[in-house]
There are 2 protein chains.
Amino acid sequence: MIAKSKLKYIQSLGHKKLRDEADLFVVEGPKMVAEILSEKLLQVTELYALLDWVTANEQLLKNLPSSVVVHTIDNISLAKISQLTTPNKVLAVVKQQPLIATINTSQLALVLDTIQDPGNLGTIIRIADWFGIQQIICSHECADRYNPKVVQSTMGSIARVGFYYTNLVDFLMANKQTQIYAAALDGMSVQKLGKLAGGLLVIGNESKGISAPVMDLVNVRITIPRIGLAESLNAAVATGIILSHVTM
Amino acid sequence: MIAKSKLKYIQSLGHKKLRDEADLFVVEGPKMVAEILSEKLLQVTELYALLDWVTANEQLLKNLPSSVVVHTIDNISLAKISQLTTPNKVLAVVKQQPLIATINTSQLALVLDTIQDPGNLGTIIRIADWFGIQQIICSHECADRYNPKVVQSTMGSIARVGFYYTNLVDFLMANKQTQIYAAALDGMSVQKLGKLAGGLLVIGNESKGISAPVMDLVNVRITIPRIGLAESLNAAVATGIILSHVTM
């Protein structure tokens, strides 16, 4: 059993405003919870788990800081607090990581203009982590980094990449001395760029692209040459392709 | 109004077995329907559309072959036949394209091992079309090319790429003289491959990867070097990255 107030409180973490007030978010499922616990990637405050998960993870639980409260609950309670269509054994309540205080433009950073689809944002976070990008600057219109669908699709990458939410025009204006790259249809071939030492790479919304005032601030337009006839590439796929050419 | 028998018939095209028997599939929404009509990419047999779509597309409709039957229907009927969460003005019933009869291995072709997620398959089809890949060989475990979610996420690319469904082990055994490439964690860097003139590129299921009997038949393992710590890349993203390095 789980107290009604506790239930409401965990459910409230599904909403951005309430999870930001609590400074917490939720991670679910044995694979991702095991990753954040064993690698100490994030600060877990509470665990809600089925008895079989608790039994199977005795060793992992023994090594936890004493501040972590472990609640053994039943299937019915788990279904009530879970954000997943199919609740999966364990749910962790986790402290949010601070946003980045200062962007270091001597390292390449991603700038996301209105990536609203949580699945796309999650995929981009994993791609960034794969290619060693540690800073993601999001417009206020982007999906929230702690949206449950974002979190679940990133695995541990959510903990290894730093975030900054801002007005992109103001941010790029303040970083005018930096090279600002963007994916566009009429730019320089991605193959000719070579390895980029630093700067900002802007990725736009898949259907609307990069907004005009943001594009006006871009110095170098990058194009993925099209051999066939497809209308466009998915924003996450374009991010992966560009990073694979400019980070290695 | 739409006759009950017609309604049932169109709804039946949501199921693979029934749409294969009818040799038809469904395309929805103004953007994709306009693309296939204006570019004559596919053979449309019937259109079901709201009056405002019919009025706005008079010119397009005038140029259609007389065999295309246009039904003006209301919102309620459209909602009943649509596979979309939000029905979108027009639905086309379209003839299936024949599967590829013979694979031409002098051109690079994609081989998909158990890509079950329709969204992933649709994204891969668009990527293939972007990079000029015209042949996709799917294992029987892949999603169906005419699954509504696949079709809607490919736009016109579904019509420009050829498909072949087969047992991959038998197929690869029969093509042993061909170079067989695969994405793997322990291969040659994708940057060192150069442009590939032909051959087969195997992409595996995201969580399970490439099945062992298929991997045994691979000649060249390709790796996307990992700089950071992400656990894996999405199958579609990996496909896009590899194709961007080996087709241009």
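Calculation criteria
Residues numbered from 1 in each chain as written. Chains lettered and ligands numbered in written order. Predicted model: local features only at pLDDT ≥ 70, side-chain atom pairs only at ≥ 80, totals over all residues. Heavy atoms only, no water. Phe/Tyr/Trp six-rings, centres within 6.5 Å; stacked < 30°, edge-to-face > 60°. Helix = DSSP H or I, 4+ residues; strand = E, 2+ residues; numbered from the N terminus. Buried < 20%, exposed > 50% of the residue type's maximum accessible area, 1.4 Å probe, protein only. Least-squares fit on C-alpha atoms with pLDDT ≥ 70 in both. Contact = heavy atoms within 4.5 Å. Domains from an automatic or database assignment. Buried area = accessible area lost by both parts, 1.4 Å probe. Salt bridge = Lys/Arg side-chain N within 4 Å of Asp/Glu carboxyl O. Polar contact = N/O pair within 3.5 Å; in protein donor to acceptor, adjacent residues only side chain to side chain. Nonpolar A, V, L, I, M, F, W, Y, C, P; charged D, E, K, R; others polar. Pairing = 2+ DSSP bridges. Axes fitted to C-alpha atoms, helices over the stretch in contact; angles between N-to-C directions. Right-handed = clockwise from strand over helix to strand, strands pointing away.

(A) Structural context of the packing of aromatic side chains. Residues and elements named next belong to chain B. Per the stated rule, a full pass over the model turns up four aromatic pairs over all chains. Arranged with centres 3.8 Å apart and planes meeting at 15°, the rings of phenylalanine 25 and tyrosine 146 form a pair that is stacked. Pair noted here: phenylalanine 25 is in strand β1 (residues 24–28) and tyrosine 146 is in the loop between β6 (135–139) and α8 (148–154), with a separation of 121 residues, a long-range link. Summarising the burial analysis for this pair, phenylalanine 25 and tyrosine 146 share the class buried. Measuring from centroid to centroid gives 5.8 Å for tyrosine 164 and phenylalanine 171, while their planes differ by 55°, and the two rings are tilted. Residue classification places tyrosine 164 among the partly exposed residues on the basis of a relative accessible area of 24%.

(B) Local environment of the relation of the copies chain A and chain B. Of the two same-sequence chains, chain A is brought onto chain B (RMSD 0.0 Å, axial shift 0.0 Å) by a rotation of 180°. The operation mapping one copy onto its partner corresponds to a two-fold rotation axis. In this assembly, 100% of the residues forming the interface of chain A have copies in chain B that are likewise at the interface, indicating an isologous arrangement.

(C) Structural view of the domain arrangement of chain A. Residue and element names in this part refer to chain A. Here chain A is partitioned into domain 1 (4–95) and domain 2 (109–246). Using C-alpha coordinates to define each centre, domain 1 is positioned 31 Å away from domain 2. Contacts between the two partners involve 14 residues from domain 1, matched on the other side by 12 residues from domain 2. Roughly 1200 Å² of surface becomes buried between domain 1 and domain 2 when both sides are summed, with 65% attributable to carbon and sulfur atoms. Joining domain 1 to domain 2, the criterion identifies four salt bridges. For the pair domain 1 and domain 2, the interface holds five residue pairs in polar contact (both at pLDDT 80 or more). When residues in the side of domain 1 that touches domain 2 are grouped by element, the largest group, four residues, is from strand β1 (residues 24–28). Residue composition of the side of domain 1 that touches domain 2, grouped by class: seven nonpolar, one polar and six charged.

(D) Just the pairing of β6 of chain B, in detail. All names here are of chain B. The buried fraction of β6 is high, at five of five residues. On β6, burial covers both faces: Gln135, Ile137 and Ser139 on one face and Ile136 and Cys138 on the other are all buried. As paired elements, strand β5 (residues 109–113) and β6 share three bridges and run parallel to each other. Along β6, the bridge assignment pairs leucine 110 with isoleucine 136.

(E) Quick peek at the interface of chain A and chain B. The interface of chain A with chain B comprises 34 residues on the first partner and 34 residues on the second. At the boundary of chain A with chain B, total buried surface from both sides reaches about 3000 Å², with 65% on carbon and sulfur atoms. Broken down residue by residue, the surface that chain A buries against chain B is led by Arg126, Trp130 and Met248 of chain A, which jointly contribute 25%. One can count four salt bridges joining chain A with chain B. Taking the shortest distance from any N to any O, the salt bridge between arginine 126 of chain A and glutamate 206 of chain B comes out at 2.5 Å. Where chain A touches chain B, the interface holds 25 residue pairs in polar contact (both at pLDDT 80 or more). Of all elements in the fold, only α7 (118–130), α9 (157–160) and α12 (235–246) of chain A reach the threshold of two or more residues within the side of chain A that touches chain B. Broken down by element, the residue count for the side of chain A that touches chain B peaks at six residues, all from α12 of chain A. The residue inventory of the side of chain A that touches chain B, partitioned by class, reads 16 nonpolar, 11 polar and seven charged.

(F) Just the sheet that holds strand β4 (residues 90–95) of chain A, in detail. Residues and elements named next belong to chain A. In space, the four strands of this open sheet follow the order β1-β4-β2-β3, with mixed pairing throughout. A single partner strand is all that each edge strand has here, and the edge strands are β1 and β3 (69–72). Pairwise comparison of adjacent strand axes, ignoring direction, gives a mean angle of 15° for this sheet. Helix α1 (residues 4–12) contacts β1, β2 (44–49), β3 and β4 of the sheet and is inclined by roughly 115° relative to β2. Contacting β1, β2 and β4, helix α3 (residues 30–38) crosses the sheet at an angle of about 125° to β1.

(G) Main features of the pairing of strand β5 (residues 109–113) of chain A. Residues and elements named next belong to chain A. Of all five residues making up β5, five are buried, and the element is well covered by its neighbours. Burial of the side chains of β5 extends over both faces: Ala109, Val111 and Asp113 are buried on one face and Leu110 and Leu112 on the other. The sheet contact formed by β5 and strand β9 (residues 200–204) spans five bridges and is parallel. By the bridge assignment, valine 111 is partnered in β9 with valine 202. Between β5 and its parallel partner strand β6 (residues 135–139), the chain crosses via α7, and the hand of that crossover is right-handed.

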